[in-house]
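Observations on chain architecture
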Amino acid sequence: TGSCYQKRFRDLAGLYADAEAFEECARTRGDEVVYEVTDHHPSARAGDLITGVTRMSPGKVGNEYFMTRGHIHAVSDRPELYFGLKGTGLMLMESVDGETRIAEISPHVACYVPPFWIHRSVNVGNDDLVMLFCYPADSGQDYNIIQRSNGLKQRVIDDGKGGWLCVDNPDYRQRPAAEIESIKTVAAQLGQEKTA
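Residues numbered from 1 in each chain as written. Predicted model: local features only at pLDDT ≥ 70, side-chain atom pairs only at ≥ 80, totals over all residues. Heavy atoms only, no water.

Describing the side chain of glutamate 94
Its location among the elements puts glutamate 94 in strand E7 (residues 89-95). At 2.7 Å, the side chain of glutamate 94 forms a polar contact with the backbone nitrogen of lysine 153. Among all residues touching glutamate 94, those that are not within four sequence positions of it are Glu99, Thr100, Phe116, Trp117, Ile118, Leu152, Lys153, Tyr172 and Arg175. (Helix = DSSP H or I, 4+ residues; strand = E, 2+ residues; numbered from the N terminus. Polar contact = N/O pair within 3.5 Å; in protein donor to acceptor, adjacent residues only side chain to side chain. Contact = heavy atoms within 4.5 Å.)

As structure tokens, then:
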């Protein structure tokens, strides 16, 4: 089975640092599709793979580039692979304890998102960013982990010189040790159940 979903500008409230710039854009571009995902689900078995394509428009809210909501996998020890097809983008990755990694993505460049890492795509180019993705069919997604921390630790902005820059998110809240341990423990328990 397959699915397709779209995120319109109005769906992304609270994602960007500059709330006033977002509201201004939402008034004129609220129905505009910022990104869309088409995927194929052959089954929900742990040994199967979901594959698909994500497409994100170019643009900015204030000085912050268009991005996806981002997620960690609900079964958090599941990885994901992205492969650039068109455009220029970044994969902004964050470990549950706050380490940040950034991978640049362009056509024919692969990006591996390790288990336990939150990840978000960012379009830093002037054209659509298009990527193929693939992840285990039982992974699921948890989008709320980012909301609970008031966003990711880093934000990607226009550097004013035709490039991009990562800056600290002043509203970021470090995840409590208990939440970090819970994420890792639940994943371990799920893994043991599936192999039993």
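That shown, we press on.
With respect to the pattern of salt bridges
Throughout the structure, instances matching the rule amount to 14 salt bridges. The partner of aspartate 31 in a salt bridge is arginine 10, and the shortest N-O contact between them spans 2.0 Å. On the criterion of sequence distance, the pair formed by aspartate 31 in the loop between helix H1 (19-29) and strand E2 (33-40) and arginine 10 in the loop between strand E1 (2-8) and H1 is long-range, its members being 21 residues apart. A residue is classified by how much of its surface remains accessible, and aspartate 31, at 56% relative accessible area, is exposed. Given the relative accessible area of 44%, arginine 10 is considered partly exposed. Where aspartate 138 meets arginine 78, a salt bridge forms, and the shortest distance between an N and an O atom there is 2.7 Å. Residue aspartate 138 is located in the loop between strand E11 (129-136) and helix H2 (144-148), and its partner arginine 78 is located in the loop between strand E5 (64-65) and strand E6 (80-86); the two are separated by 60 residues in the primary sequence. Comparing aspartate 138 with arginine 78 shows no difference in burial state: the two are buried. Several salt bridges share partner residues, and in doing so they unite Glu36, Arg55 and Asp128 into one network. (Salt bridge = Lys/Arg side-chain N within 4 Å of Asp/Glu carboxyl O. Buried < 20%, exposed > 50% of the residue type's maximum accessible area, 1.4 Å probe, protein only.)

Some words on the environment of cysteine 134
Locating cysteine 134 in the fold gives a position in strand E11. Judged by its relative accessible area of 22%, cysteine 134 falls in the partly exposed class. Apart from residues lying up to four places away in sequence, cysteine 134 is in contact with Leu49, Ile50, Thr51, Glu80 and Leu81.

A look at a nonpolar patch on the surface
There is a patch of nonpolar side chains on the surface, built from Val53, Phe83, Leu85 and Leu132 and spanning about 290 Å² of accessible area. When you line up the elements, leucine 132 lands in strand E11. For leucine 132, a relative accessible area of 37% translates into the label partly exposed. (Patch = residues over 30% accessible without salt bridge, like charges linked within 9 Å, V, L, I, M, F, W, Y side chains within 5 Å. Areas by Shrake-Rupley, 256 points an atom, 1.4 Å probe, with all protein chains shown as cover.)

Overview of the nonpolar core
Core analysis: the largest hydrophobic core is formed by 43 residues, its most contacted members being Tyr16, Tyr82, Met91, Cys111, Val122 and Val156. Residue contacts for tyrosine 16: discarding those within four places in its chain leaves Phe22, Val61, Glu64, Tyr65, Phe66, Met67 and Arg155. (Core = buried A, V, L, I, M, F, W, Y, C linked by side-chain atoms within 4.5 Å.)

Thoughts on the pairing of strand E12 (residues 154-158)
The buried count for E12 comes to four of five residues, which makes it a mostly enclosed element. Connecting the antiparallel pair E12 and strand E13 (residues 164-168) is a turn made up of five residues, with glycine 160 showing a positive phi of about 80 degrees. (Pairing = 2+ DSSP bridges.)

Quick notes on the packing of aromatic side chains
Ring pairs (aromatic) are described by centroid distance and by the angle formed between their planes. Evaluation of the coordinates by the stated rule reveals five aromatic pairs. Taken together, a centroid distance of 6.0 Å and an interplanar angle of 20 degrees make the contact between phenylalanine 133 and tyrosine 135 stacked. Taken as a pair, phenylalanine 133 and tyrosine 135 share a single burial class, namely buried. Linked through ring pairs, Phe9, Tyr16, Phe22 and Phe66 together constitute an aromatic cluster. For arginine 69, the ring lying beneath its charged end belongs to tyrosine 143, and the centroid distance is 3.8 Å. (Phe/Tyr/Trp six-rings, centres within 6.5 Å; stacked < 30°, edge-to-face > 60°. Lys NZ or Arg CZ within 6 Å of the ring centre and 35° of its normal.)

A look at unusual backbone geometry
Here phenylalanine 116, not a glycine, exhibits a phi torsion of approximately 70 degrees, which is positive. Within the element layout of this structure, phenylalanine 116 appears in the loop between strand E9 (110-113) and strand E10 (117-123). A relative accessible area of 24% means that phenylalanine 116 is categorised as partly exposed.

Notes on the pairing of E2
Here E1 runs beside E2; their pairing, made up of seven bridges, is antiparallel. Each bridged residue has a counterpart across the sheet, and for glutamine 6 the counterpart in E2 is glutamate 36. In this structure, E2 lies alongside strand E3 (residues 49-56), joined through six bridges in antiparallel fashion. Across the sheet, the residue bridging to tyrosine 35 is methionine 56, located in E3.

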